[in-house]
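Structural features, examined
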Amino acid sequence: MIPEIGHFALILALALAIVQGILPLVGAHRGDATLMSVARPAIAGQLLFVALAYACLTWAFLHDDFSVLYVASHSQLALPFMYKATAVWGGHEGSVLLWILLIAAWTGAVARFSRRLPQPFVARVIGVLGLLSTGFLLYTLLTSNPFDRLSPAPADGGDLNPLLQDPGFVMHPPLLYVGYVGFSVAFAFAVAAMLSGNLDRKWARWTRPWTTAAWMFLTIGIALGSWWSYNELGWGGWWFWDPVENASFMPWLVGTALIHSLAVTEKRGLFKSWTLLLAITAFSLSLLGTFLVRSGVLISVHAFVSDPTRGYAILAFLAIVILGALTLYALRAPDLDSDAGFRPTSRETFLLLNNVLLVVAAALVFIGTLAPLVFEMANIGKISIGPPWFNVAFIIPMLPLVYLVGVGMHTAWRHHATSLLPKSLRWPAAIALVLGILIPGLVYGRFGVLVCVGTVAAFWVMGSALVDPIRSWRRAAGTPGLRPGVLGMSVAHFGVGLFVLGVTLVSAFTVETDRSMREGQALDVAGHTFELRELRDVQGPNYSAIEGAIEIRDNGKFIGEVLPQKRQYLVQKNWMTEAGINVHWNKDLFVALGDQLGNDAWSVRIQYKPMIRFIWLGALVMAIGGLIALSDRRYRGGPTQEEDS
Amino acid sequence: MKPRQQRMLAVGLVALGVIVATTLTLRAMKDNMMFFIDISDVAQGDYPKDRNFRIGGLVVDGSVKRQEGSMDISFVVTDLHCNLPVRYSGVLPDLFREGQGVVAHGRLGDDGVFVADTILAKHDENYMAPEVADSLADHVKDETQRVAGKTGACTPQ
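This next bit is on the overall build of chain B. Summing up its helical and strand segments, chain B has 3 helices and 7 strands in all. In sequence order, chain B lays out its α and β elements as α-β-α-β-β-β-β-β-β-α. Per-residue burial over chain B gives 34% buried out of 157 residues. At a minimum sequence separation of 6, the contacts of chain B that also span at least 24 residues come to 55%.

Right, dumping it as structure tokens:
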């Protein structure tokens with residue numbers, strides 16, 4: 001019964017989404033206030049029914065209702081409670097439902113927090129989001145209904161993919177989706193502005209907080225995904241340039257460009273058509289990501305569904321959204337440009353370079369991700385493009401960007417009259433040079449040009465990001481402090497520095513080795529001693545495992561014990577490697593059990609990963625920067641309040 | 001700068017960036033782009049001689065041999081038409097198993113043994129890399145024809 005209620009709720013939600021997608025747009029076009037006022041009740045109703053459907057599916061999981069096909073194939077009686085609740089998004093149908101819930105939630109948030117914006121504009125935004133909801137609801141009802149029944153119902157389910165039974169998985173997909181879907185708001189703002197033909201600095205100010213919020217969630221979502229694959233895929237990598245990782249990374253790159261271009265549009269009224277194009281692209285890439293994951297066209301660890309109909313349906317939806325938005329853009333963009341200009345030495349120039357480099361990076365990731373597909377379709381052969389290619393290609397635009405950030409942050413709008421490297425920046429520059437060149441050699445015992453280029457860049461960004469906060473901290477009493485916007489920018493850029501430092505040191509100084517090991521044997525890797533004390537059998541709730549107890553010593557001093565496991569899940573019979581990781585602030589010591597080699601020996605992968613935590617810490621700090629910027633009171637003001645800084 | 005100059009500058013920079021990056025990456029591509037070669041084609045000598053490539057197929061039942069206590073392992077991969085012996089040293093993926101699909105990166109040694117530097121087996125036992133599935137499907141067809149006397153057996157070069 002409950003699943004039928006869920007199904008019915010989805011159908012009602014579709015009806016309301018159609019109303020939400022049509023009446024407010026017609027109303028805004030005709031200037032009919034009654035039709036426009038339908039927008040808010042419609043989204044409230046849609047959100048209510050989608051939430052009800054989602055609750056029904058969750059109920060089915062928690063009550064082990066295996067007569068529902070989706071539950072039967074993604075859960076099991078012995079699955080721990082937490083994973084039953086989160087298994088809802090462990091497969092295709094449920095994650096589409098999550099997507100629908102999130103887009104309704106974002107729309108609800110727009111309706112709630114935009115009461116002071118002009119009614120026609122809000123009606124258009126909610127209407128456009130309603131059309132997107134309609135598309136996804138149709139998709140789920142026609143091709144991937146999560147409430148389909150299975151008859152006869154099996155006694156037990158097929159279990160959730162063991163890879164997904166990890167705390168990282170509990171948060172990674174929802175956060176990633178919140179970010180993905182969040183760009184639909186920036187998209188809707190852009191389409192609404194094009195429909196009205198009215199795109200001014202106020203528009204940019206309204207759009208900025210939504211874009212920053214979506215970007216923030218996407219940042220954390222991607223970082224958690226990286227952390228999850230590091231813990232769970234078992235082999236110690238933190239980024240694989242897997243097509244699906246790339247699919248989440250491309251919207252992030254374009255979204256980052258959008259944040260910066262919106263800043264120019266808000267402060268100076270420039271880059272308008274470019275900003276629109278980025279808003280359209282960011283969301284289109286989110287949709288493309290969904291297509292890549294769901295259609296199974298690309299080989300990927302994430303490609304857990306391959307059903308051509310679903311792929312074609314998403315592709316059709318993608319085509320409608322992109323072509324529709326671009327047609328509108330072609331009609332409207334020529335009227336938007338501003339007459340204002342800027343000098344070559346101005347913040348505008350640096351933000352332009354930021355945009356160019358980020359878009360080039362996104363384009364390269366795009367080329368690398370889709371090239372295998374193009375090659376295969378053109379019958380040239382089946383190729384794969386590996387991480388080495390991406391690593392090289394990605395650094396080309398990114399390294400100059402990191403160096404430019406330090407200067408760009410402190411350059412004036414319009415025209416920067418004095419030196420681009422003022423006194424306040426000479427200290428950070430000098431410190432960055434000294435630390436960046438000395439640290440690789442003194443701490444890690446090896447100098448290298450590329451490493452130093454990376455470490456100097458990291459310290460340079462961190463140092464120059466601290467200039468404004470330090471100046472504000474030392475200011476005379478009574479003078480105004482830093483605006484949250486500026487502080488948020490400084491914090492986010494400091495996060496970039498932490499991230500670059502982590503990536504550089506991990507890439508340069510990781511030690512990784514596969515060895516054979518017996519009980520009682522000790523191995524020396526990267527200055528640490530790893531001793532296999534014991535191998536034992538352990539039982540988990542839904543798996544049995546062989547566990548190694550490995551003691552780690554640093555110069556004879558005990559610094560920790562890790563318990564890597566080889567698990568066999570009882571239902572799916574899959575073997576899974578559960579790595580043992582000994583975490584320090586400046587290094588991870590990573591041990592994974594490989595295979596039984598005979599003669600009581602096991603193959604063991606041992607890794608030393610310096611500063612790897614800084615990669616995720618950097619991403620977290622970037623997101624915190626976004627949060628600080630969001631708290632700027634300027635974004636809460638109504639349309640009439642005009643400020644400049 | 002006047003707006004028209006700005007636009008020119010922006011367009012010029014984007015174009016320059018994409019051109020530079022594409023040129024550089026195309027050069028890099030040459031080394032990092034790996035072709036997937038059917039095992040039957042490898043048996044015919046039709047494979048890149050001077051660089052790495054990828055093969056894929058099923059691990060033949062009973063072919064996995066390991067030197068007791070060592071990391072060295074050898075096994076045979078088949079596309080259901082031709083077989084190819086593979087040598088590897090290192091930790092195997094969790095789903096590596098006889099009778100299951102596998103993908104290997106590496107190059108062919110002079111002794112006709114494929115020396116793998118990476119072994120991939122997919123995370124879901126029902127999932128097979130599409131390229132492996134394609135390759136197998138092709139040869140299932142060939143095999144039926146061969147049994148019917150229409151094509152020859154695997155004829156190594």
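As a further point, take the overall build of chain A. Of regular secondary structure, chain A possesses 18 helices and 11 strands. Whereas a compact globule of 645 residues would reach a radius of gyration of roughly 26 Å, chain A reaches 26 Å, a difference of no more than 12%. The C-alpha extent of chain A, read off along each of the three principal axes, is 80 × 75 × 60 Å. Per-residue burial for chain A yields a buried fraction of 54% across its 645 residues.

Before going further, it helps to examine the environment of Ile380 of chain A. With respect to the helices, strands and loops of the structure, Ile380 of chain A is situated in the loop between helix H13 (347-377) and strand S1 (382-385). Measuring from C-alpha to C-alpha, the distance between Ile380 of chain A and Leu14 of chain A comes to 44 Å, with 366 residues separating the pair along the chain.

For helix H18 (residues 613-630) of chain A, built from 18 residues, the straight-helix expectation of 26 Å at 1.5 Å per residue is met to within 8% by its first-to-last C-alpha distance of 26 Å. Three or more residues of H18 of chain A are buried, namely Phe614, Ile615, Gly618, Ala619, Val621, Met622, Ala623, Gly625, Gly626, Ile628 and Ala629 of chain A.

All names here are of chain A. Here chain A is partitioned into domain 1 (1-165) and domain 2 (511-613). Put simply, the middle of domain 1 and the middle of domain 2, counted by C-alpha atoms, are 42 Å apart. Every contact between the two is made by 7 residues of domain 1 and, on the other side, 7 residues of domain 2. Residues that form the side of domain 1 that touches domain 2 fall into these classes: 4 nonpolar, 2 polar and 1 charged.

Bringing unusual backbone geometry into the picture now. All names here are of chain A. Here the amide bond leading from Ser151 into Pro152 is cis, since omega sits at 0 degrees, within 30 degrees of zero. Mapping Pro152 onto the fold places it in the loop between helix H7 (119-143) and helix H8 (167-196). Its identity as a non-glycine residue notwithstanding, Asp64 has a phi of 50 degrees, on the positive side. As for its position among the elements, Asp64 is in the loop between helix H3 (39-62) and helix H4 (69-74). Residue classification places Asp64 among the partly exposed residues on the basis of 19 C-beta atoms within 10 Å. Even without being a glycine, Trp241 presents a positive backbone phi close to 55 degrees. Of note, Trp241 is situated in the loop between helix H9 (201-232) and helix H10 (243-268). The class of Trp241 is buried, set by 20 C-beta atoms lying within 10 Å.

Residue and element names in this part refer to chain A. Taking 1.5 Å per residue as the helical rise, helix H14 (residues 387-408) with its 22 residues ought to reach 32 Å, and the 30 Å between its terminal C-alpha atoms agrees with that figure. Largest kink in H14: about 40 degrees, centred on Ile395, with the proline Pro397 one to four residues after it. Along H14, the positions that sit buried rather than exposed are Trp389, Phe390, Ala393, Phe394, Pro397, Leu401, Val402, Val405, Gly406 and Gly408.

Residues and elements named next belong to chain B. When pLDDT is averaged along chain B, the result is 77, and 74% of the positions lie at 70 or above. Mean pLDDT per element in chain B: helix H3 (residues 130-147) is the minimum at 68, and strand S5 (residues 83-89) is the maximum at 93. Confidence estimates for the predicted assembly give a pTM of 0.91 and an ipTM of 0.79.

Residues and elements named next belong to chain A. In spatial order, the strands read S2-S11-S10-S9; together these 4 strands make up an open sheet with antiparallel pairing. Each edge of the open sheet is held by one strand with a lone partner, namely strand S2 (511-517) and strand S9 (580-583). Averaged over all adjacent pairs, the angle separating strand axes in this sheet is 20 degrees, with direction ignored. In terms of strand pairing, S2 meets strand S11 (residues 601-610) through 7 bridges, oriented antiparallel.

Right, let's get into the environment of Val76 of chain B. All names here are of chain B. For Val76, the location among the structural elements is in strand S4 (residues 72-78). In the structure, Val76 is positioned 18 residues away from Leu58 in sequence and 8.4 Å away in space, judged by C-alpha atoms. For Val76, the contacting residues outside a window of four places in its chain are Val60, Ser63, Asn83, Leu84 and Pro85.

Turning next to the packing of H10 of chain A against H13 of chain A. All names here are of chain A. Relative orientation of the contacting elements H10 and H13 amounts to 160 degrees, with a least axis distance of 9 Å. Relative to H13, the element H10 lies roughly antiparallel. Relative to H13, the crossing made by H10 is left-handed. Here the contact of H10 with H13 is composed, by residue class, of 15 nonpolar, 7 polar and 2 charged.

Residue and element names in this part refer to chain B. Across the two faces of S5 the burial differs, with Leu84, Val86 and Tyr88 buried and Asn83, Pro85, Arg87 and Ser89 not buried at all. The sheet contact formed by S4 and S5 spans 7 bridges and is antiparallel. Across the sheet, Ile73 pairs through a bridge with Tyr88, a residue of S5. Joining the antiparallel neighbours S4 and S5 is a turn of 4 residues, in which Leu80 adopts a positive phi near 75 degrees. In terms of strand pairing, S5 meets strand S7 (residues 114-120) through 2 bridges, oriented parallel. In the strand pairing of S7, Arg87 is matched with Val115.

With that settled, consider the nonpolar core. Residue and element names in this part refer to chain A. Counting 214 residues, the largest nonpolar core has Ala186, Phe189 and Ala279 as its most contacted members. With 18 residues, the single largest contributor to this core is H8. Setting aside residues up to four positions removed in sequence, Phe189 forms contacts with Val125, Trp206, Thr207, Trp210 and Ala279. The next biggest cluster of nonpolar side chains, apart from the first, holds 19 residues, and it includes Phe590, Leu597, Ala601 and Ile606.

What counts and how
- Residues numbered from 1 in each chain as written.
- Chains lettered and ligands numbered in written order.
- Predicted model: local features only at pLDDT ≥ 70, side-chain atom pairs only at ≥ 80, totals over all residues.
- Helix = DSSP H or I, 4+ residues; strand = E, 2+ residues; numbered from the N terminus.
- Buried ≥ 20, exposed ≤ 12 C-beta atoms within 10 Å, placed from the backbone.
- Contact = placed C-beta atoms within 7 Å.
- Rg over C-alpha atoms; globule rule 2.2 N^0.38 Å.
- Expected span 1.5 Å × (residues − 1).
- Domains from an automatic or database assignment.
- Nonpolar A, V, L, I, M, F, W, Y, C, P; charged D, E, K, R; others polar.
- Bend = angle between axes of the 7 residues up to and from the residue.
- pLDDT = per-residue confidence, 0-100.
- Pairing = 2+ DSSP bridges.
- Axes fitted to C-alpha atoms, helices over the stretch in contact; angles between N-to-C directions.
- Parallel < 35°, antiparallel > 145°, perpendicular 65-115°, else oblique.
- Left-handed = near helix turned anticlockwise from the far one by under 90°.
- Core = buried A, V, L, I, M, F, W, Y, C linked by C-beta atoms within 7 Å.

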